Amino acid sequence: MPDSTHLSNKGISASKSPMRIDLEIYYEAMENLYHSETNPDGALPMNVAENHLCWDMLRNRIEKVTRENTIPDWVASYTDPAGAPSFREATGEFFSKFLMHVPVNPDSLAFSGGATSTIEMTSFLLANPGDTAVIPAPSYPVYTGDIGTLPEVKRFDLQVPSMPLSSEYQFDLQLLQDAKEKIEANGSAFRMLILTQPDNPTGRIYSEDFLRKIADWCIEHQIHLIVNEIYGLSQLDIKNPSLNKYYPEVSPFISFGKIMAEYQSPFLHFWYSFSKDFGISGFRIGVLHSHNEDLIHAYRNAGLGHSISNYTQWVIQEVLLDHDFLKAFFKSFQQKLTESYLIVSQTLQNLNIPFNPSRGSLFVWMDLSEFLDEESLKGEEKLWLEIYEKTGILITPTNGFGHTEKGWYRIVITSLNHEELKVAMKRLSDFIQIKRKG
Ligand SMILES: Cc1ncc(COP(=O)(O)O)c(C=O)c1O
């Protein structure tokens, strides 16, 4: 068919592929936001992975930086496209002290605009067009576009049994071997394995022992293993007296950075972003950490178009150097996140709605399959819209998570404050009780 857009083939395809299907309805909800006094029937968007719990605290600290300092000269000029040296150093120290608990060499870090850009750049540099990245399902829907649109890497959703519900991932490595054979039989190469911990959407983590087993398997098969710890400091306080009974025997959270420091393998990599733990998705800061020097050089050489504004790097570097502030910030965030999780999980427990016990992330992954009219994407979309229309609660649509079981939905628990979250849970309870009465 003749095309009148005058775009390239990729341009035409992009013009017809919305980044996510809920954006229009999300903008509608944002125009009609709930307010206890001025708009008590308003919408409660809980679909986008935003963390608004500690912005006031961070804003004050950022304003202190801009109020009390003169902007250094380097900010106005070009710098290293992989990140200004002083910003890489501050981030290395932050990783070392707060997440990985091993020394982190600033030269093993390369930055770009958000995890989105970091994922895209890394995929472009590690895999050839047509290669495949394997991702345990369910997982972050936008990985498909990040690895696919420009790098042209295919997504293979590894179907990991969801039962029994668990806060830790465990699966037979034979699944990876089977995936490899299937991918190769289709003429592609299993090039990357992407894990996320804590996971989006399930909140699961990987035990240190299991991470090591997966790393050994990947190195043996010369497959790049990348662990995305974008939610690395969004961990629940599972020692909280209201939560600890649900986590009787659990593994400690171990950052993959610690394992990488020991292995020093060119096949092991790590992603992070300041969007979630810090709640500053608008600042657009993502980072690759790797001991593969060639990869970091390639990132630097190809990355100018993806680099972050020096002003952003400077401001955040000043915050990162203040470890006392970071300690207080993450303590407060963990308390608030745990409270948000309790508000949602206790509501679901009272309603007898199954959900995956989480160790962290900004989500609860819940099973609403009992309310599906039909076990299909269409049935899921109908229920998703019905919840929005009847309650004003916008949860994440099910498209693109890549798993085969129907009726599981992700709810973002950090986009609303605790009072708003309680209103949302009351509306959800009323909806479910009416639904069950039939
Ligand atoms: C697993 C995962 N990776 C990457 C991203 C994108 O992050 P950024 O805003 O830093 O691009 C998200 C955002 O939801 C995510 O959940």
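Residues numbered from 1 in each chain as written. Predicted model: local features only at pLDDT ≥ 70, side-chain atom pairs only at ≥ 80, totals over all residues. Heavy atoms only, no water.

## Here's the deal with helix 11 (residues 310–320)
Link 1 in the chain: Counting buried residues along helix 11, nine of its eleven residues qualify, which places the element largely inside the surrounding structure.
Link 2 in the chain: All buried positions along helix 11 are accounted for by Asn310, Thr312, Gln313, Trp314, Val315, Ile316, Gln317, Val319 and Leu320.
Link 3 in the chain: Its side-chain oxygen 3.1 Å from the backbone nitrogen of Tyr311, Ser309 forms the N-cap of helix 11. (Buried < 20%, exposed > 50% of the residue type's maximum accessible area, 1.4 Å probe, protein only. Helix = DSSP H or I, 4+ residues; strand = E, 2+ residues; numbered from the N terminus. Polar contact = N/O pair within 3.5 Å; in protein donor to acceptor, adjacent residues only side chain to side chain.)

## So, the pairing of strand 4 (residues 154–159)
Link 1 in the chain: Of the pairings in the sheet, the one linking strand 3 (residues 132–137) to strand 4 comprises six bridges and is parallel in character. Looking at the pairing, Ala133 lines up with Arg155 of strand 4.
Link 2 in the chain: For the segment spanning strand 3, helix 6 (residues 143–148) and strand 4, crossover handedness is right-handed. (Pairing = 2+ DSSP bridges. Right-handed = clockwise from strand over helix to strand, strands pointing away.)

## A closer look at the site of the ligand
Link 1 in the chain: Taken together, 16 residues lie near the ligand, and Thr116, Tyr231, Ser273, Ser275 and Lys276 sit nearest.
Link 2 in the chain: Contact between the ligand and Asn228: a nitrogen atom at 3.1 Å from a side-chain N or O atom of the residue.
Link 3 in the chain: In isolation the ligand exposes 390 Å². Once the protein is present, 94% of that is buried.
Link 4 in the chain: The dominant element in the shell around the ligand, judged by the number of residues it contributes, is helix 5 (residues 114–126), at four residues.
Link 5 in the chain: Looking at side-chain class alone, the shell around the ligand contains seven nonpolar, seven polar and two charged residues. (Near = heavy atom within 4 Å. Areas by Shrake-Rupley, 256 points an atom, 1.4 Å probe, with all protein chains shown as cover. Nonpolar A, V, L, I, M, F, W, Y, C, P; charged D, E, K, R; others polar.)

## Description of the domain arrangement of the chain
Link 1 in the chain: In terms of domains, the chain is made up of domain 1 (9–56 + 326–432) and domain 2 (72–322).
Link 2 in the chain: Between domain 1 and domain 2, the C-alpha centre-to-centre distance is 24 Å.
Link 3 in the chain: Contacts between the two partners involve 37 residues from domain 1 and, on the opposite side, 52 residues from domain 2.
Link 4 in the chain: Carbon and sulfur atoms supply 59% of the area buried between domain 1 and domain 2, which totals about 3,800 Å² over both sides.
Link 5 in the chain: Taken as a group, Leu326, Phe330 and Arg359 account for 23% of the area that domain 1 buries against domain 2, more than any other trio of residues on that side.
Link 6 in the chain: Where domain 1 packs against domain 2, one counts two salt bridges.
Link 7 in the chain: A salt bridge links Arg359 to Glu168, with the nearest nitrogen and oxygen atoms 4.0 Å apart.
Link 8 in the chain: Summed over the shared surface of domain 1 and domain 2, the number is 23 residue pairs in polar contact (both at pLDDT 80 or more).
Link 9 in the chain: Elements with a contribution of two residues or more to the side of domain 1 that touches domain 2: helix 12 (323–350), strand 11 (363–367) and strand 13 (408–412).
Link 10 in the chain: Examining the composition of the side of domain 1 that touches domain 2, we find that twelve residues originate from one element, helix 12, more than from any other. (Domains from an automatic or database assignment. Contact = heavy atoms within 4.5 Å. Buried area = accessible area lost by both parts, 1.4 Å probe. Salt bridge = Lys/Arg side-chain N within 4 Å of Asp/Glu carboxyl O.)

## Some remarks on the nonpolar core
Link 1 in the chain: One finds Phe94 and Phe278 to be the most contacted residues of the largest nonpolar core, which totals 133 residues.
Link 2 in the chain: In terms of residues, this core owes the most to one element, helix 12, which gives eleven residues.
Link 3 in the chain: Among the domains, domain 1 (9–56 + 326–432) and domain 2 (72–322) are the pair contributing at least three residues each to this core.
Link 4 in the chain: Leaving out residues up to four positions away in the same chain, Phe94 has contacts with Leu99, Leu233, Tyr272, Phe274, Phe278, Leu320, His323, Leu326 and Phe330. (Core = buried A, V, L, I, M, F, W, Y, C linked by side-chain atoms within 4.5 Å.)

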